[in-house]
Amino acid sequence: MKPRKIYNRIPVFRNERNLSRQDLADLVGVNYQTIGYLEREEYNPSLDLAFRIAEVFGLPVDMVFSTKPMKPLSEVLRDHLEKEGD
Amino acid sequence: MAGSQSRTLRRGYVALNLGSLIILEGLYYGWVAGGVHNPVAVGLIVVCMITLVLSFLHVIWGTGLWRLTHTGVENLDERQVMVTREALRHSYGIFVPFTLLVIFAAAVASDFDFHIFDVVLPAGLLYLAHILPAIILAWKEKVV
C-alpha cells in the first residue's frame, strides 16, 4: 500500500510558540532533523508522534495534520466568520 | 546525526572512499601480492589508505552516520529506524551478490595460480559490509 501524503501546520504553530526545531524535537522525543522532514512533508509521522505533536501545541490532531492540503489559518478563520454571519 | 554537508559533497566523499578502496585493493594485488615492492607501489598504497581514512572521517564518522547505523534501535526515533532499516536492506541486496562475485572471481583466479584470498581482500569486504548502510544513507538522504 502506497502511503498518502500527510500535510501539516507544524511550522506555523511552532513559530507562533517561538519554538526551535530542537525545542519541539526535545518535547516530543525525536531527532531535530525529523521535525525538519515533517515540516517539509517528506515524512509521515506515526499516529503516536502526530498525537504527541498536537499535544505540545494543545490542539486537536486534525488542526495540525490532514490528508488534504491545509488552508492558511487566516482563510480558515475567514470561512468560519462567514459561516457565523450567514 | 550531527553533520550538515550537502548531498553533492557527501556523494563526492563516498566516491572518494569507495574509489580509494578499489584502487588500494587493485594496487595490492597488481603489484605487492605479485612480488613487486617498488617505492611507487608502496607510496600509492599509502596515499590510498590516507584518502580512505580521511574520506571515512568526513562522510561517515563526522556526519554521525556511523553512529546512526551502528547504534541500538532504542537510541533512534521512528524516522531514523525506518531509514536505517531501508539502508540495511539495500546493503544486504548489494553486498551478498557482490561478495559472491568476488568469491567466484577469486576461485577462477586461483585456477590460474593467482591466489587473492589473503588478509587484504577479506578486510576490504568486512570494511565494505560495515560502511555500506552509512554510504547508502550519505548518498540518498537530503539531510544527514
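The numbers attached to residues start from 1 for each chain and follow its sequence in the written order. Here every chain gets a letter starting at A, and every ligand a number starting at 1, in the order they are written. Owing to the predicted nature of the model, reporting of local features is limited to residues with pLDDT of at least 70; listing and counting of side-chain atom pairs is limited to 80 or more, with chain, interface and lining totals taken over all residues.

1. What to know about the overall build of chain B
Secondary structure summary: chain B contains 5 helices and 0 strands in total. Each helix is a run of H or I in the DSSP string that is no shorter than four residues. Each strand is a run of E no shorter than two, and both are numbered from the N terminus. Mapped in sequence order, the helices and strands of chain B form the string α-α-α-α-α. Principal axes of the C-alpha set define a box for chain B whose edges measure 50 × 30 × 25 Å. Neighbour counting defines burial: a residue surrounded by 20 or more other C-beta atoms within 10 Å of its own C-beta is buried, one with 12 or fewer is exposed, and intermediate counts give partly exposed, using backbone-placed C-beta atoms. A total of 144 residues make up chain B; the buried ones form 25% of that total.

2. Observations concerning the overall build of chain A
From N to C terminus, chain A includes 6 helices and 2 strands. Oriented by its inertia axes, the alpha-carbon framework of chain A measures out at about 45 × 35 × 20 Å. Contact definition: two residues whose C-beta atoms, as placed from backbone geometry, lie within 7 Å. For chain A, restricting intrachain contacts to residue pairs at least 6 apart in sequence, the fraction spanning at least 24 positions comes to 56%.

3. A word on the interface of chain A and chain B
On the side of chain B, 6 residues touch chain A, which itself brings 9 residues to the contact. Top element by residues in the side of chain A that touches chain B is helix α3 (residues 32-39) of chain A. It accounts for 4 residues. Here the residues of the side of chain A that touches chain B sort into 4 nonpolar, 5 polar and no charged. Classes in brief: Ala, Val, Leu, Ile, Met, Phe, Trp, Tyr, Cys and Pro nonpolar; Asp, Glu, Lys and Arg charged; the others, Gly included, polar.

4. Looking at the nonpolar core
Buried Ala, Val, Leu, Ile, Met, Phe, Trp, Tyr and Cys residues whose C-beta atoms connect them within 7 Å together make up a nonpolar core. Membership of the largest hydrophobic core comes to 22 residues, with the highest contact counts inside it found for Ile60, Leu65, Ala134, Ile135, Leu137 and Ala138 of chain B. Listed by contribution, the elements that provide at least two residues to this core are α1 (7-32), α2 (39-61), α3 (65-70), α4 (78-111) and α5 (120-140) of chain B. Considering every element that reaches this core, the biggest residue donor is α5 of chain B, with 7 residues. By size, the runner-up hydrophobic cluster in this structure holds 13 residues, among which are Ile10, Val28, Ile35 and Leu49 of chain A.

5. Side note on helix α6 (residues 73-85) of chain A
Here α6 of chain A spans 18 Å end to end across 13 residues, near enough to the 18 Å set by a 1.5 Å rise per residue. Within α6 of chain A, only 0 of the 13 residues are buried, which leaves the element largely exposed. Multiplying 1.5 Å by the residue count of a helix minus one yields the expected span of that helix.

6. A closer look at the confidence of the model for chain A
Here pLDDT means the predictor's own confidence in every residue, given as a number from 0 to 100. Residue-level pLDDT values for chain A average 92, and 100% of them are 70 or greater. Mean pLDDT across the elements of chain A bottoms out in α6 of chain A (84) and peaks in helix α4 (residues 47-57) of chain A (97).

7. What to know about the packing of α4 of chain B against α5 of chain B
Residue and element names in this part refer to chain B. Interaxial angle, 0 to 180 degrees, is taken between N-to-C directions of lines fitted to C-alpha atoms, where a helix line uses only the stretch in contact. Interaxial distance between α4 and α5 falls to 8 Å at its minimum, and their mutual angle equals 145°. Crossing angle aside, the handedness with which α4 passes α5 is right-handed. Residues Val83, Thr84, Ala87, Leu88, His90, Ser91, Ile94, Phe95, Thr99 and Val102 of α4 lie in contact with α5, whose contacting residues are Leu125, Leu128, Ala129, Leu132, Pro133, Ile136 and Leu137. In terms of residue class, the contact of α4 with α5 is made up of 13 nonpolar, 4 polar and no charged. By the definition used in this description, the sense in which the near helix is turned from the far one sets the handedness, with an anticlockwise turn below a right angle giving left-handed and a clockwise turn giving right-handed.

8. As for unusual backbone geometry
Residues apart from glycine generally show negative phi values, whereas peptide bonds are mostly found in trans. All names here are of chain A. Phi is positive for asparagine 18, close to 55°, though the residue is something other than glycine. With a phi close to 55°, glutamate 41 is a non-glycine residue in the positive phi region. Classification of glutamate 41 by C-beta neighbours within 10 Å gives partly exposed; the count is 14.

9. Thoughts on α5 of chain B
Residues and elements named next belong to chain B. Taking 1.5 Å of rise per residue, the 21 residues of α5 would be expected to cover 30 Å, and the 29 Å separating its terminal C-alpha atoms lies within 8% of that figure. For α5, the principal kink sits at isoleucine 131 and spans about 45°; a proline, proline 133, occurs within the next four residues. Turning to α5, its buried residues are Ile131, Leu132, Pro133, Ala134, Ile135, Ile136, Leu137 and Ala138. Two axes enter the definition of the bend at a residue: one is fitted to the seven residues ending there, the other to the seven starting there, and the bend is the angle between them.

10. Comments concerning the packing of α1 of chain B against α5 of chain B
Residues and elements named next belong to chain B. Running from amino to carboxyl end, α1 crosses α5 at an angle of 170°, the nearest separation of the two axes being 11 Å. With respect to each other, α1 and α5 are oriented roughly antiparallel. When α1 is examined against α5, the residues Arg10, Arg11, Val14, Leu21, Glu25 and Tyr28 are found in contact with a partner set consisting of Val120, Leu121, Gly124, Tyr127, Ile135, Ala138 and Trp139. Looking at side-chain class alone, the contact of α1 with α5 contains 9 nonpolar, 1 polar and 3 charged residues. When describing relative orientation, an angle under 35 degrees is termed roughly parallel and one over 145 degrees roughly antiparallel, while 65 to 115 degrees is termed roughly perpendicular and anything else oblique.

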